[in-house]
Amino acid sequence: MKALFVLLLAQLCSASLVPEREKDPEYWRRQAQETLRNALRLQRLNQNVAKNLILFLGDGMGVSTVTAARILKGQLQHGQGEESLLEMDKFPFVALAKTYNTNAQVPDSAGTATAYLCGVKANEGTLGVSAGVTRDRCNTTKGQEVTSILRWAKEAGKAVGIVTTTRVTHATPSAAYAHSANRDWYSDGEMPPDALEGGCKDIARQLVENIPDIEVILGGGRKYMYPKNATDVEYPHEEKHRGTRLDGRNLVQAWKEAKPHGKVAEYVWRRRELLALNLSRVDFLLGESLHPRVPWHQLGALGGPPVLPGVLGQLQKGIKGCSAGKRRAMPGSAGGRIDHGHHEGKAKQALHEAVELDRAIGLATRLTSSQDTLSVVTADHSHVFTFGGYTPRGNPIFGLAPMQSDVDRKPFTSILYGNGPGYKIVAGERENVSAVDFAHADYQAQSAVPLRQETHGGEDVAVFARGPMAHLLHGVHEQNYIPHAMAYAACIGSNRGHCNAAPRPNTPLLLPVLGLLLLLLC
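The name an unreviewed UniProt entry assigns to the chain is Alkaline phosphatase, from the organism Erithacus rubecula. Per its UniProt entry, the chain bears the Subunit (unreviewed entry) comment "Homodimer." Taken directly from UniProt, the Sequence similarities (unreviewed entry) text for the chain runs: "Belongs to the alkaline phosphatase family."

Another aspect to go through is the overall build of the chain. In terms of helices and strands, the chain carries 14 helices and 19 strands. Counting only residues that meet the buried cut, the chain has 55% of its 522 residues in that class. In the chain, of all internal contacts separated by at least 6 residues, the share reaching a separation of at least 24 is 72%.

In total, this model carries 29 salt bridges according to the counting rule given. Across the pair R249 and E209 runs a salt bridge whose closest N-O atoms are separated by 2.8 Å. Residue R249 is found in the loop between β4 (216–220) and α9 (251–257), and its partner E209 is found in helix α8 (residues 203–209); the two are separated by 40 residues along the sequence. Exposure remark for R249: the relative accessible area of 28% places this residue in the partly exposed category.

The buried fraction of strand β17 (residues 461–466) is high, at six of six residues. Burial of the side chains of β17 extends over both faces: V461, V463 and A465 are buried on one face and A462, F464 and R466 on the other. Where strand β2 (residues 93–98) and β17 come together, five bridges link them in antiparallel fashion. From the neighbouring strand, V94 faces β17, where its bridge partner is F464.

On to the layout of surface pockets. What the largest pocket holds in volume is close to 630 Å³. What lines the largest pocket is a set of 22 residues, among which N38, L42, K90, F91 and P92 lie closest to the centre. Broken down by element, the lining of the largest pocket gets its largest block of residues, six residues, from helix α2 (residues 25–41). Class assignment for the residues of the lining of the largest pocket results in eight nonpolar, eight polar and six charged.

For the rest of this paragraph, the subject is the environment of N229. Summarising the element assignment, N229 is placed in the loop between β4 and α9. Counting along the chain gives 13 residues from N229 to R242, while the straight-line C-alpha distance between them is 4.9 Å. Not counting chain neighbours up to four residues away, the residues in contact with N229 comprise R242 and G243.

A word on the packing of helix α3 (residues 63–76) against helix α13 (residues 347–367). Here α3 crosses α13 at 80°, and the two axes come no closer than 9 Å. In terms of axis orientation, α3 runs roughly perpendicular to α13. Contacts between α3 and α13 involve T65, A68, A69, L72, K73 and L76 from the former and L351, H352, A354, V355 and D358 from the latter. Across the contact of α3 with α13, the residue classes break down as seven nonpolar, two polar and two charged.

What follows covers the environment of A153. Within the secondary structure, A153 is located in helix α5 (residues 149–155). Judged by relative accessible area, which is 1%, A153 ranks as buried.

Now for unusual backbone geometry. Excluding glycine, a negative phi dihedral is what most residues carry, and trans is how most peptide bonds are arranged. For R409, which is not glycine, the phi dihedral falls at a positive 60°. By relative accessible area, R409 is classed as exposed at 57%. Although it is not a glycine, C491 sits at a positive phi angle of roughly 60°. Within the secondary structure, C491 is located in the loop between α14 (481–490) and β19 (509–514). For C491, a relative accessible area of 1% gives the class buried.

Right, let's get into the pairing of β4. Counted residue by residue, β4 has five buried out of five residues, so it is predominantly covered. The alternating pattern of β4 places V216, L218 and G220 and I217 and G219 on opposite faces, both of which are buried. Examined bridge by bridge, strand β3 (residues 161–167) and β4 share four bridges and lie parallel to one another. Considered in β4, the bridge of I162 is made with I217. Note that β4 and strand β6 (residues 284–288) share four bridges and pair parallel.

A separate point is the UniProt feature "active site" (unreviewed entry) in the chain. As annotated in UniProt, the feature "active site" (unreviewed entry) corresponds to S109 in the numbering used here. As for its placement among the helices and strands, S109 is situated in helix α4 (residues 109–118).

Moving on: the state of the cysteines. All told, the structure shown has two disulfides when counted by the stated rule. In this model, C491 is linked to C499 through a disulfide, with the two sulfur atoms separated by 1.8 Å. Disulfide C491-C499: the torsion about the S-S bond is -100°, which places it as left-handed. An identical accessibility class is assigned to C491 and C499; each is buried. Sequence-ordered numbering of the disulfide-bonded cysteines in the chain gives the connectivity 1-2, 3-4.

The rules we used
- Residues numbered from 1 in each chain as written.
- Predicted model: local features only at pLDDT ≥ 70, side-chain atom pairs only at ≥ 80, totals over all residues.
- Heavy atoms only, no water.
- UniProt positions renumbered as here; feature names shortened; annotations may be inferred.
- Helix = DSSP H or I, 4+ residues; strand = E, 2+ residues; numbered from the N terminus.
- Buried < 20%, exposed > 50% of the residue type's maximum accessible area, 1.4 Å probe, protein only.
- Contact = heavy atoms within 4.5 Å.
- Salt bridge = Lys/Arg side-chain N within 4 Å of Asp/Glu carboxyl O.
- Pairing = 2+ DSSP bridges.
- 1 Å grid on protein atoms, 1.4 Å probe; cavity = no way out; pocket = protein on both sides within 12 Å on 5 of 7 lines; lining within 4 Å.
- Points joined across faces, edges and corners; volume = space filled by probe spheres on them.
- Nonpolar A, V, L, I, M, F, W, Y, C, P; charged D, E, K, R; others polar.
- Axes fitted to C-alpha atoms, helices over the stretch in contact; angles between N-to-C directions.
- Parallel < 35°, antiparallel > 145°, perpendicular 65-115°, else oblique.
- Disulfide = S-S within 2.5 Å.

If you want it as structure tokens, here you go:
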């Protein structure tokens, strides 16, 4: 009887949440007709040559994360949430990408990065190499290196950049420039003796040497650039932040010395230094914070300091510089920390990061033209993250389901994980979530299987596209197809036969965008 009462109450509450306009069938018919008219306009395909390419990569941003972030965005704007639109939702073309690695059904970030940046699928844990390379085996690497869309752009004389909220040597960005049998070989201090003896290079060294004319590099993890035990500029008394390099090299200095005479190369490690730069007078920019991950409290959406306007300001300056015809990389932003939040079972942090990514996508959309800029938003992989429980319309995305389990008679949150650190047994039973603060930013949502870290998911991820040749991203594709389609649109790389008769805009630009620019350097 009590269960029936709860169900009836939930139904009554749900009915009261329906907006009045949605009760009118004409509302839905008008909406559908407008959508139909917009779809018919897409028959006039944009086949221009892309002057700019922007790749937004939401690390771990699976389809369930996109949907939950959409609801969160709407609720942050005091709406019910479900009817909200993310900026990426407004992109006219959508595809699905199959994320498996050549040796893994459920992928890792290294193999997937090789796919969407280099156009070749690879084994898990390996970077910028073919599937002929075995993880940890340095002697399998030679001759198996594959190049990325970033290098294709440089070979075409374009300006390029990498921006990430993780360390710049992390798997996601490093496939753009590195070739490694192990994604964890950040410096030579992390490499085994046989790999060093075999002549394999660490990822930080490859960042400086492989493509020395990358115009913009922004991220974390500066300790991998300095000699072992070198004190950190920001935390000189903390041993864990000291340099890790065994070869004694200062790679920041090496980066500066490799630049052509007369070119201005700036290295920054503080936010204020970055914001003070006049980008029109800088030819090369390297920015490295200490921390490979930005502390969660610094995410503005979670109540930390309001740093985001600085991020968007830098993005705006970069895009305006590009539209003025300057040969520059385009600073941008995306979500490298969605993945970290999910791995820790902290859905609130993951979803707020996804919303921040979407704000940056919106700014880039407003400051560029779809006539000459191809923008692509995608993810490397998904997570075992879900939300359900027959929640009513407008239910807080981090709230409880309107029912109890019919097995253990305890409430549960709408958001759950298939596995992860949120598995908790109290007095021999599942934890009663009504006794904890499940709305807290550090709350770890309950999971079905106990693991110290939640795992990736194996389902396809969405690919959103807007601009020249965006229609090439449609249907279901292998993930490695993405850079080939983008290169075709910009007339870079090997497939350029169609470009001979096409008018080619001046100075096309490429930026694989992998993180929130300012959050790197707080």
